[in-house]
Amino acid sequence: MTAKFDRRSVLKLGGGMLAASALLPHQAFAQQTAINYWHTFTSQSEAAGLQAVLDLFKAAHPDVAVTPENIPNPEFMAKITAAVVGGSRPNVTMVSSERFEDLLAMGALSDMTDRIAGWERRGDFDDKRFASITKDGKTYGVPGFTFVDWGYYRKDWFDEAGLAAPTTYDEFRDAAIKLTDASKGRFGFGLRGGPGGQNFVVNVIEAFGSPVKKEDGTIGLDRDIVVKALDWYAGLLVKDKAVPPSAANDGFQQVISGFQTGQTAMIWHHTGSYQDIASKLKPGVEFGTFAMPAGPATRVARLAYAYNCITNDENADAAWEWIKFWGEPDAAVAFLEKTGYMPASTVAAQDQRIVGNPMYKAAADTLGFGIPQPSFPGAAGWAQNTVLPALQQILIGQATPDQAADQIIEGLAAAIA
Amino acid sequence: MSRGRAMAALPPPRSTWDAINPLRLLGELSETRYWMYLLLLPSALLITAIVLFPTVYGFQLSFTEMRLNRPAGNGAFVGLKHYQRMLADPIFWLSLRNTAVWVTFSILIEFVVGLVAALALNRNLWGGKVLAVLILVPYFLPNVVAGNMWALMLDSRVGVINDILVNIGLLQEYKAWFADPNTAMATAIFVEAWHSFPFFTLLIMAGLKGIPTDLYKAADIDGAGAFAQLRLITLPMLRTIIAAAVILRVIGLVNSPDLLLILTQGGPGRSTQVLSLYAFQNAYSDFNFGYAGALSVVMFVLLMLFAWAYIRLSKVNQD
């Protein structure tokens, strides 16, 4: 049977639908503001953490739809540069401290000073939390969470060898040597000599007593100290053989899996890998955490922040709602519980779920003495393209610490020229 | 009949409107010799926009100061500064040498394996069609997937390749392939060849279908063996296709850093640093687009020279 519609019945149907639509709840027609969020989360635990925050945000702000977009860390700067130059910026971007200066210089970030000043939770954050995202009195982001540098150690192996978690570089090296047994494929330390390992080299250099830059902006690297630092750090592989031979290419995945699978006794990372490690090893029994040990001159542990920044003035109010939501204690703790990343908010960091957990003590201690990474335009590129290859060349026997130190200092001079 | 005469044959305008009617004017224009240029105009504009402009801009960039994290001096003409720096830059020369190794050995392996695969598939063996699809699978994988997959399989802790090699006695212990400068480049070339040899297979197979079977029958009668037929019939008949495939792959290998970016990031200690990766790092880590532009121009010139020399040497133009 074929249905027949004449003009009159079509008009009646249309009128009826229009009337019915007017009776539907107003909310069905409420316009959602859509924003996209570029982030560099990669691991399963980080994805779960982000989802937890998204779920809480969705319940609290049904009028804002956040579309998260994962940008792998190695590609991040290329993508954001292309987006800025090409005019296709995301609404909100996660910016790590070390990238702030470069992104600010290329005009990627919007000034958020007034919004932050008027924010009801501004008082929950220590002023220092904003230092790495502030320049010339203007603030360009809100810390979403904190990267707290610390170490993981195999507690069961340490207990077996009668060792305590290291507090100094000497203790650290001794433990690494004692716990190395190449015949069992066991090494004392999982040195990250591959992608992402550059920041630890800079930390060791500073711990030996040489800042990267002086306060007046000139080069602070002292060649003799840099040589000593490189000799000590690379020496863990080259001389002490306390590091897996794969170190020169070991990035995040390799270092973490080396620890999880029982190849290494200690690794350096930040609290963000806690849940990944706890998924394979029993906290407090098989592994423990320690604050970064003190070097010969000073103790260097980085407190870096993942800032959420407005990178597109379109839908800026909705973007601000999303950014400030990360400062809510419930969101911060939900994220911590899925990942291990510490809250940036002082109030959230005092939550009983954090201070009551002994595994987080090392991170809580580090919040007291940790320092931010050196930050200047070109810092990230120098560390990645000069410092890391120089370390690798020592690790594979292509350069001496002296030669590597020269490369590092010359590279810094070129970077800040 | 000439076009001029055809125009003259058109009826004169019947009114003022008729004289300015765009459709009528267009009709008149279509009868002139300028019509073909008008038809070519959209394509010419498109090519100018998407090919010529970026190329010229790239050249211009190489003579310009352009550091995105140093906006103050950006845009200033600096002449040959970047090229002078390049001549004194040891990393540039190392990258150039590594690029030559990376491209030469990758192409050689891809061509030989691709040729063997194409010859085998061309024999119409049982299951050949399924095999042809399977052989093409690596080429369909994005570089990122292929790179991460091989990085995992070659991992010195959990990698299945190490496991197999140790179990069959070829290795005493697990090897960190990408951490040893003696094996990093070779291993990366192996991964690249695995990923891209199907490109040669595909093109050579297409070429093989076009070779008349009579030639092989005649060669058989003349007593030529399989190798002689390959040398005297197959390869010469495939010369144009092989030349095109080699040029396209060389361009791809010289320009694309993504596989090395995933596997080694140029390490360990720059032992797999190639020009494209160096240009990428200069652009997106150091934000020095001027120097990166100069590196890209050098790559462009080298590729043009290679293509010209290769076409001349392979005598493709004589076909």
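Residues numbered from 1 in each chain as written. Chains lettered and ligands numbered in written order. Predicted model: local features only at pLDDT ≥ 70, side-chain atom pairs only at ≥ 80, totals over all residues. Heavy atoms only, no water.

Q: Would you take a moment to explain the overall build of chain A for this structure?
A: Scanning chain A from terminus to terminus reveals 18 helices and 10 strands. The dimensions of chain A, computed from C-alpha atoms along their principal axes, are 90 × 50 × 50 Å. A total of 417 residues make up chain A; the buried ones form 55% of that total. Within chain A, contacts between residues at least 6 apart in sequence are counted, and of these 77% link residues at least 24 apart. (Helix = DSSP H or I, 4+ residues; strand = E, 2+ residues; numbered from the N terminus. Buried < 20%, exposed > 50% of the residue type's maximum accessible area, 1.4 Å probe, protein only. Contact = heavy atoms within 4.5 Å.)

Q: It is not clear to me how the interface of chain B and chain A should be interpreted in this structure. Could you clarify?
A: Think of interface size as the accessible area that goes away when the parts come together; that is how it is often given. On the side of chain A, 36 residues touch chain B, which itself brings 27 residues to the contact. Summing the contributions of chain B and of chain A, the shared interface buries around 2500 Å²; its carbon and sulfur component is 52%. For the pair chain B and chain A, the number of links is 1 salt bridge. Measuring nitrogen to oxygen at the nearest pair gives 2.5 Å for the salt bridge that ties aspartate 250 of chain A to arginine 157 of chain B. Applying the counting rule to chain B against chain A returns 9 residue pairs in polar contact (both at pLDDT 80 or more). Among the elements that make up the side of chain B that touches chain A, the one with the highest residue count is helix 15 (residues 275-284) of chain B (3 residues). Considered class by class, the residues forming the side of chain B that touches chain A number 13 nonpolar, 8 polar and 6 charged. (Buried area = accessible area lost by both parts, 1.4 Å probe. Salt bridge = Lys/Arg side-chain N within 4 Å of Asp/Glu carboxyl O. Polar contact = N/O pair within 3.5 Å; in protein donor to acceptor, adjacent residues only side chain to side chain. Nonpolar A, V, L, I, M, F, W, Y, C, P; charged D, E, K, R; others polar.)

Q: So what exactly am I meant to see when it comes to the pattern of salt bridges here?
A: Two side chains bearing opposite charge may form a pair once their charged atoms approach each other closely. All names here are of chain A. Applying the stated criterion across every chain, the model contains 23 salt bridges over all chains. Measuring nitrogen to oxygen at the nearest pair gives 2.8 Å for the salt bridge that ties arginine 173 to aspartate 240. You can see arginine 173 sitting in helix 7 (residues 169-178) and its partner aspartate 240 sitting in the loop between helix 9 (223-238) and helix 10 (252-260), a full 67 residues away along the chain. By relative accessible area, which is 30% here, arginine 173 ends up partly exposed. Glutamate 321 serves as the salt-bridge partner of lysine 324, at 3.7 Å between the closest nitrogen and oxygen.

Q: Before we go on, may I ask you to explain helix 13 (residues 329-339) of chain A in this structure?
A: Each full turn of the α-helix corresponds to 3.6 residues, which orients residues three or four apart in the same direction. Residue and element names in this part refer to chain A. Taken across its 11 residues, helix 13 has 8 buried, putting it largely inside the fold. Pro329, Ala331, Ala332, Val333, Ala334, Phe335, Leu336 and Thr339 are the residues of helix 13 that are buried. In this fold, the buried residues of helix 13 make contact with helix 2 (44-60), strand 6 (142-154), helix 11 (274-278), helix 12 (316-325), helix 14 (346-349) and helix 15 (352-355). Directly beyond the C-terminal end of helix 13, a positive phi value near 110° is found at glycine 340.

Q: Any chance you could explain the nonpolar core here in plain terms?
A: Side chains of nonpolar character tend, in soluble globular proteins, to be buried together. Counting residues in each nonpolar core, the largest one holds 82 residues, and the members touching the most others are Leu103, Leu109, Phe145, Trp322 and Trp326 of chain A. Aside from chain neighbours lying at most four places away, what touches leucine 109 of chain A is Val95, Phe100, Leu103, Leu104, Tyr140, Cys309, Ile310 and Thr311 of chain A. (Core = buried A, V, L, I, M, F, W, Y, C linked by side-chain atoms within 4.5 Å.)

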